[in-house]
Amino acid sequence: MKEYALILVSTVLVNNFVLVKFLGLCPFMGVSKKLETAVGMGMATTFVLTLASICSYLANEYLLAPLGLEYLRTITFILVIAVLVQFTEMVMHKTSPVLYQLLGIFLPLITTNCAVLGVALLNVQEQHNFIESGLYGFGAAAGFSLVLVLFAAMRERVTVSDVPAPFQGSAIAMITAGLMSIAFMGFSGLVSS
Amino acid sequence: MSVLPNQQEQVTLDTFMRGLWEENPVFVMLLGLCPVLAVTNSTMNAIAMGLATLFVLVASSTLVSLLRKMIPKQVRIATYIIIIATFVTIVDYVIQAISLDLYNALGAFIQLIVANCVILGRAEAYASKQKVSASIINAIGMGVGFTIALLCLGTVRELLGAGTILGYQIFSSNFEPWVVMILPPGGFFVLGAWLLLFEYLKQRKEQKLLAAEGATTNGS
């Protein structure tokens, strides 16, 4: 039980996917201009990322490994993710139009979110088992959402404050992200591994 | 979107140069940032990542452009991803064969070229509509622009963070390395500083233009 808690804490805070591992930066920069969209993106990513982590584990364990097709791993994983995103979109569209309206526009973007593929590949690299894979995916997504929402809130404040002209736009966003990254380095003593 | 024949772009120097400066994927469009920040803690990594991305970009753009009339519109994104993933797998094994150290240093980021939005963006926005020659030249321009951006970050971070470039000592031994530059926050700061520099130059140029216009109108 303790090791599962450790995986969660370590992925959400210590080895945060965005600020420490640099995965999923495109949506981090792209959809963080407004708090509402950031929350939507975070929820959609959490859902897909957890599912993708589990599905890619299953595909690797029961399809690729027994058949000796490890060299097709990258292609398989990206296909699993693309299919999963499409499937989620269809299910959501049919069952819950409200949720679809909230999260629908973010779903296609998730396919090219490298955090999703990154989690799938890291699961294999670190030889996680089924439960660990699921937790790792969920933790990564929770960390991503946490940072995304915090960053969006900060950017909303930054836009209304008096920023020197050359800093305006992406430069101040980068430096804000850098400061956040320093803050998250403070968690690094939390889990010793 | 149907493509009319007259939308075919002529191959000019601009087709190539656009990716270097005007539409630089990193500094202007802010695409594909994950490898830009993650593997640029040394110059060598930056070069390797840039060349790997360049190869995948050119090869996939060529193939997409060759097949552009055969790919059905509904499944085009999936097709592009499979094409890209194929070339990424090739690069993955080639780098593993050349240097295992480099492979370990780059980590999962070689395989993550698949999810680099620059490449999918080129396939969707350019290669699927243009002639093969134009697509190849545009892809080379974009790839070189991407590599230059990686180098910009890699050299600065290695120089400040370790006092070396490509492993050669540049500063004397009295230099105290700024460790933060090698660590993740350094990546954000250096990219922020580059963006700041470009924005500053752009604004100064605009001000000069405005001043020049003002002078001519006052003089007449």
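From a predicted model like this one, the values you see are computed outputs, not experimental measurements.

Trainee: Is there a simple way to explain the overall build of chain B in this structure?
Mentor: Of regular secondary structure, chain B possesses nine helices and two strands. Listing the helices and strands of chain B from first to last along the sequence gives α-α-α-α-α-α-α-β-β-α-α. For chain B, the spread of C-alpha atoms along the three principal axes comes to 70 × 60 × 25 Å. Residue burial in chain B is summarised as follows: out of 220 residues, 48% are buried. Residue pairs at least 24 apart in sequence account for 75% of intrachain contacts in chain B once pairs closer than 6 positions are excluded.

Trainee: What exactly am I supposed to notice about the overall build of chain A here?
Mentor: The helix and strand tally for chain A stands at nine helices and zero strands. Counting from the amino terminus, chain A carries its helices and strands in the arrangement α-α-α-α-α-α-α-α-α. Its C-alpha atoms give chain A a radius of gyration of 18 Å, near enough to 16 Å, the size a compact globule of 193 residues would have. On the principal axes, the C-alpha backbone points of chain A span a range of 60 × 45 × 30 Å. A burial count over chain A gives 51% of its 193 residues as buried. For chain A, contacts bridging at least 24 residues in sequence account for 78% of all contacts bridging at least 6. Surface exposure of chain A reaches about 9000 Å², of which carbon and sulfur atoms provide 68%.

Trainee: Explain the confidence of the model for chain B here, please?
Mentor: Detailed reading of the predicted coordinates is not advisable wherever pLDDT falls low. Residue and element names in this part refer to chain B. Per-residue pLDDT for chain B has a mean of 86; in total, 94% of the residues score no lower than 70. Here helix α1 (residues 13–20) is the element of chain B with the lowest mean pLDDT, 81, and helix α3 (residues 43–66) is the one with the highest, 93. The ipTM, which scores confidence in the relative placement of chains, is 0.86 for this predicted complex, and the corresponding pTM is 0.87.

Trainee: Can you walk me through the UniProt feature "transmembrane region" (unreviewed entry) in chain A in this structure?
Mentor: All names here are of chain A. Mapped onto the present numbering, the UniProt feature "transmembrane region" (unreviewed entry) falls at residues 6–26, 38–59, 71–87, 99–122, 134–153 and 165–187. Here residues 71–87 is 88% helix and 0% strand, with 26 Å between the C-alpha atoms at its ends. Split by type, residues 99–122 is 75% helix and 0% strand. Its first and last C-alpha atoms lie 30 Å apart.

Trainee: Would you take a moment to explain the confidence of the model for chain A for this structure?
Mentor: Predicted confidence across chain A gives a mean pLDDT of 87, with 98% of residues reaching 70 or more. Taken element by element, the predicted model of chain A shows its lowest mean pLDDT in helix α6 (residues 107–110) of chain A (78) and its highest in helix α8 (residues 130–160) of chain A (93).

Trainee: Help me out: how do you make sense of the packing of aromatic side chains in this one?
Mentor: Geometrically, a pair of aromatic rings is defined through the distance of the ring centres and the angle of the planes. Residues and elements named next belong to chain B. Counting across every chain of the model gives 10 aromatic pairs over all chains. Seen in terms of ring centroids, F55 and F87 are 6.2 Å apart; in terms of plane orientation they differ by 85°. Their pairing is edge-to-face. With F55 in helix α3 and F87 in helix α4 (residues 76–98), the pair connects residues that are 32 residues apart, well separated along the chain. With a centroid separation of 4.5 Å and 45° between ring planes, the pair formed by F171 and F175 is classed as tilted. Accessibility expressed as a relative area gives 23% for F175, which makes it partly exposed.

Trainee: What should I look at first to understand the UniProt feature "transmembrane region" (unreviewed entry) in chain B in this one?
Mentor: All names here are of chain B. Those places that UniProt annotates as "transmembrane region" (unreviewed entry) correspond, in this numbering, to residues 20–40, 46–67, 79–99, 105–123, 135–157 and 177–198. For residues 20–40, the helix share is 33%, the strand share is 0%, and the end-to-end C-alpha distance is 19 Å. The annotated region residues 177–198 carries 86% helix and 0% strand content, and the separation between its end C-alpha atoms amounts to 26 Å.

Trainee: Before we go on, may I ask you to explain the nonpolar core in this structure?
Mentor: In globular proteins that are soluble, nonpolar side chains generally tend to be buried together. Ranked by internal contacts, the top residues of the largest apolar core, which has 108 residues, are L25(A), F28(A) and L191(B). No other element matches the 10 residues that α3(B) contributes to this core. Apart from the residues lying within four places of it in its own chain, the contact partners of F28(A) are V18(A), L19(A), V147(A), L148(A), F151(A) and A177(A).

Trainee: Can you help me understand the interface of chain B and chain A in this one?
Mentor: Quite often, the size of an interface is put as the accessible area lost when its parts meet. Across the contact, 34 residues belong to chain B and 36 residues belong to chain A. Summed over the shared surface of chain B and chain A, the number is zero salt bridges. Linking chain B with chain A are one residue pair in polar contact (both at pLDDT 80 or more). When residues of the side of chain B that touches chain A are traced back to their parent elements, those giving at least two are α2 (33–38), α4, α6 (117–127) and α9 (184–219) of chain B. A per-element tally of the side of chain B that touches chain A places α9(B) first, with 11 residues. Taken together, the residues of the side of chain B that touches chain A sort by class into 27 nonpolar, six polar and one charged.

Trainee: I keep staring at the pattern of salt bridges and nothing clicks. Help me out?
Mentor: Where charged atoms of side chains with opposite charge meet at close range, the side chains can pair. All names here are of chain B. According to the stated counting rule, one finds two salt bridges over all chains in the structure shown. Among the salt bridges present, the one from E124 reaches R76, with a minimum N-O distance of 3.0 Å. Pair noted here: E124 is in helix α6 and R76 is in helix α4, with a separation of 48 residues, a long-range link. Its relative accessible area of 26% is what places R76 among the partly exposed residues.

Cut-offs and rules
- Residues numbered from 1 in each chain as written.
- Chains lettered and ligands numbered in written order.
- Predicted model: local features only at pLDDT ≥ 70, side-chain atom pairs only at ≥ 80, totals over all residues.
- Heavy atoms only, no water.
- Helix = DSSP H or I, 4+ residues; strand = E, 2+ residues; numbered from the N terminus.
- Buried < 20%, exposed > 50% of the residue type's maximum accessible area, 1.4 Å probe, protein only.
- Contact = heavy atoms within 4.5 Å.
- Rg over C-alpha atoms; globule rule 2.2 N^0.38 Å.
- Areas by Shrake-Rupley, 256 points an atom, 1.4 Å probe, with all protein chains shown as cover.
- pLDDT = per-residue confidence, 0-100.
- UniProt positions renumbered as here; feature names shortened; annotations may be inferred.
- Phe/Tyr/Trp six-rings, centres within 6.5 Å; stacked < 30°, edge-to-face > 60°.
- Core = buried A, V, L, I, M, F, W, Y, C linked by side-chain atoms within 4.5 Å.
- Salt bridge = Lys/Arg side-chain N within 4 Å of Asp/Glu carboxyl O.
- Polar contact = N/O pair within 3.5 Å; in protein donor to acceptor, adjacent residues only side chain to side chain.
- Nonpolar A, V, L, I, M, F, W, Y, C, P; charged D, E, K, R; others polar.

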